[in-house]
Amino acid sequence: MWQRGAVTESAPLDVDLALLGGGGAASLLLAALDRHGVRDLRIAVVDPVRRRGQDRTWAFWGHPDSDLDPLLSASWQQVEVATPTRRRVLDLAPLRYAMLRSGPVYDRAAEAERRLGATRIVAPAESVTDDGTRVVVRTGAGPVVRADWVLDSRPRPPARPGRTTWLQHFRGWWLEADQPVFDPARAVLMDFRTPQPARGVSFGYVLPVSDRYALVEYTEFSPGLLTDAGYDTALAGYRDLLGLDPTGLRIREVENGVIPMTDAPFPARPSARVVRLGTAGGATRPSTGFTFSAMYRQADQVARALAAGRPPVPLPAYPRRHRWMDAVALRALDRGGVGGREFFDRLFDRNPAERVLRFLDGVTSPAEEVAVMNSTRLLPMIAATAGDAAHRVRARLGPTRPAPTIPAAVVGPTPPGAAPDGGTLPG
């Protein structure tokens with residue numbers, strides 16, 4: 001399927017900009033192009049699915065009064081971080097933690113697409129060929145697109161294997177309660193009282209929209225996925241840990257997801273005129289899986305560049321020194337040098353919450369990063385640094401291995417009364 005004019009194989013669609021994929025990254029980009037007054041560009045959106053409704057949830061932190069405020073489901077200036085020995089309440093000022101569901105994002109993108117006069121091709125992009133001056137995109141059951149630039153937000157594997165590869169995988173229940181049981185003024189950011197896996201770290205979190213409605217989620221950072229029954233058992237255990245009576249609760253929606261946590265490279269510029277965005281463009285923070293803030297920055301930078309007549313190439317999602325620190329932290333966690341629960345507890349215990357959150361977003365100064373790294377246990381980090389350096393040398397000398405694929409989320413049967421499964425991205 002395709003729209004706006006009779007375009008055929010013999011009469012390709014010529015555009016200035018082609019967006020491949022229509023999920024969060026592309027939706028944020030369309031809204032940014034509209035917000036920055038980008039006009040008179042011929043734009044095509046190539047995606048086999050028309051995105052609408054609540055198929056995922058993003059949680060992120062930032063300053064209040066951003067252009068996203070009208071779209072938010074909830075926000076909090078206080079959050080909890082809990083361990084088996086204590087519960088810590090953090091004041092995030094001047095930041096706030098916010099929850100954004102996909103429906104309003106898709107609606108805003110659809111309106112922006114209309115205002116921009118974009119052509120939508122409801123078909124997959126089957127091949128992308130860049131000759132250095134133009135990019136040819138061949139679509140299944142749709143026209144050939146010739147573009148000056150292609151912005152590709154489709155999921156892609158890394159270019160080569162990482163030294164460490166974990167997954168952030170999770171399941172969340174949107175719970176509706178008969179009685180007030182949630183505190184809408186405070187979110188639970190990380191609750192490490194959950195049983196810990198043999199290799200990795202687990203935590204729960206609670207994002208309340210009201211005193212009777214909240215997203216309750218179980219998350220693991222570990223090398224492998226659970227079974228469908230394993231996620232439900234873990235979530236039920238966390239619900240009970242929170243003291244919630246299951247007889248007074250209804251599961252309205254279920255959300256599942258898997259996010260890569262790896263120091264493997266995701267090239268943001270695979271060719272001269274193709275730019276990748278979102279996770280494929282390096283927006284996912286390897287040590288935490290957080291993605292949204294970097295994805296939003298990418299969209300804003302691309303829109304500003306196009307508005308100024310510059311190439312639509314964003315800055316790297318994270319500084320190179322952050323990618324190195326992530327590789328070291330992942331290695332220390334993977335080899336057991338530090339425990340995940342201890343690692344995050346020490347970060348929040350020994351730094352202002354605002355510094356930790358900005359560090360996780362990749363926007364701290366080198367001096368602040370030294371303070372954050374001094375919060376961790378020194379000897380295991382030195383050992384991880386040495387091991388990472390040795391592994392880099394061996395990787396250069398050894399044969400290239402295929403990069404691992406990121407598995408799909410484990411999705412089970414929808415509980416009675418619940419909406420279809422979607423995906424929750426906590427960053």
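This write-up is about the structure you can find in this document. All of these numbers come straight from a predicted model, not from anything done at the bench.

What counts and how
- Residues numbered from 1 in each chain as written.
- Predicted model: local features only at pLDDT ≥ 70, side-chain atom pairs only at ≥ 80, totals over all residues.
- Heavy atoms only, no water.
- Helix = DSSP H or I, 4+ residues; strand = E, 2+ residues; numbered from the N terminus.
- Buried < 20%, exposed > 50% of the residue type's maximum accessible area, 1.4 Å probe, protein only.
- Polar contact = N/O pair within 3.5 Å; in protein donor to acceptor, adjacent residues only side chain to side chain.
- Contact = heavy atoms within 4.5 Å.
- Phe/Tyr/Trp six-rings, centres within 6.5 Å; stacked < 30°, edge-to-face > 60°.
- Lys NZ or Arg CZ within 6 Å of the ring centre and 35° of its normal.
- Pairing = 2+ DSSP bridges.
- Core = buried A, V, L, I, M, F, W, Y, C linked by side-chain atoms within 4.5 Å.

**Observations concerning the side chain of Thr164**
And then number 1: Positionally, Thr164 belongs in the loop between β11 (144-152) and β12 (165-177).
And then number 2: A relative accessible area of 2% places Thr164 in the buried class.
And then number 3: A polar contact of 3.1 Å, which involves the side chain of Thr164, links it to the side chain of Arg335.
And then number 4: Non-local contacts of Thr164, meaning those with residues more than four positions away in its chain, are made with Met261, Thr262, Asp263, Leu330, Arg331, Asp334 and Arg335.

**Details of the packing of aromatic side chains**
And then number 1: What the rule picks out here adds up to 13 aromatic pairs.
And then number 2: Both rings, one in Phe221 and one in Phe344, keep their centres 6.1 Å apart while their planes meet at 65 degrees; by these two values the pair is edge-to-face. Pair noted here: Phe221 is in strand β15 (residues 213-222) and Phe344 is in helix α6 (residues 340-349), with a separation of 123 residues, a long-range link.
And then number 3: Among the aromatic side chains, those forming a connected cluster through ring pairs are Phe192, Phe203, Tyr205, Phe221, Phe343 and Phe344.
And then number 4: In this structure, Arg285 packs its charged tip against the face of Phe359, placed 5.2 Å from the ring centre.

**Remarks on the pairing of strand β1 (residues 13-20)**
And then number 1: Taking burial as the measure, the 8 residues of β1 include 7 buried ones, the bulk of the element.
And then number 2: One ladder, built from 4 bridges, connects β1 with strand β2 (residues 43-46); its direction is parallel. Within β2, the residue paired with Leu19 across the bridge is Val45.

**Structural notes on the nonpolar core**
And then number 1: In terms of nonpolar packing, the biggest core is built from 44 residues, with Leu92, Tyr97, Leu189, Leu207, Phe343 and Phe348 touching the most fellow members.
And then number 2: Looking at this core element by element, the count peaks at 6 residues for helix α5 (residues 320-334).
And then number 3: For Leu92, the residues in contact, after removing those within four places along its chain, are Trp76, Gln77, Val79, Tyr97, Ala353, Glu354 and Leu357.
And then number 4: Val45, Ala109, Phe292 and Ala299 belong to the second-largest nonpolar core, a separate cluster that totals 33 residues.

**Notes on the pairing of β12**
And then number 1: Most of β12 is tucked away: 11 of the 13 residues are buried.
And then number 2: The pairing of β12 with strand β16 (residues 249-262) spans 13 bridges and is classified as antiparallel. When the bridges of β16 are listed, Thr165 appears paired with Thr262.
And then number 3: In this structure, β12 lies alongside β15, joined through 10 bridges in antiparallel fashion. Paired with His169 across the strands is Glu220, a residue of β15.

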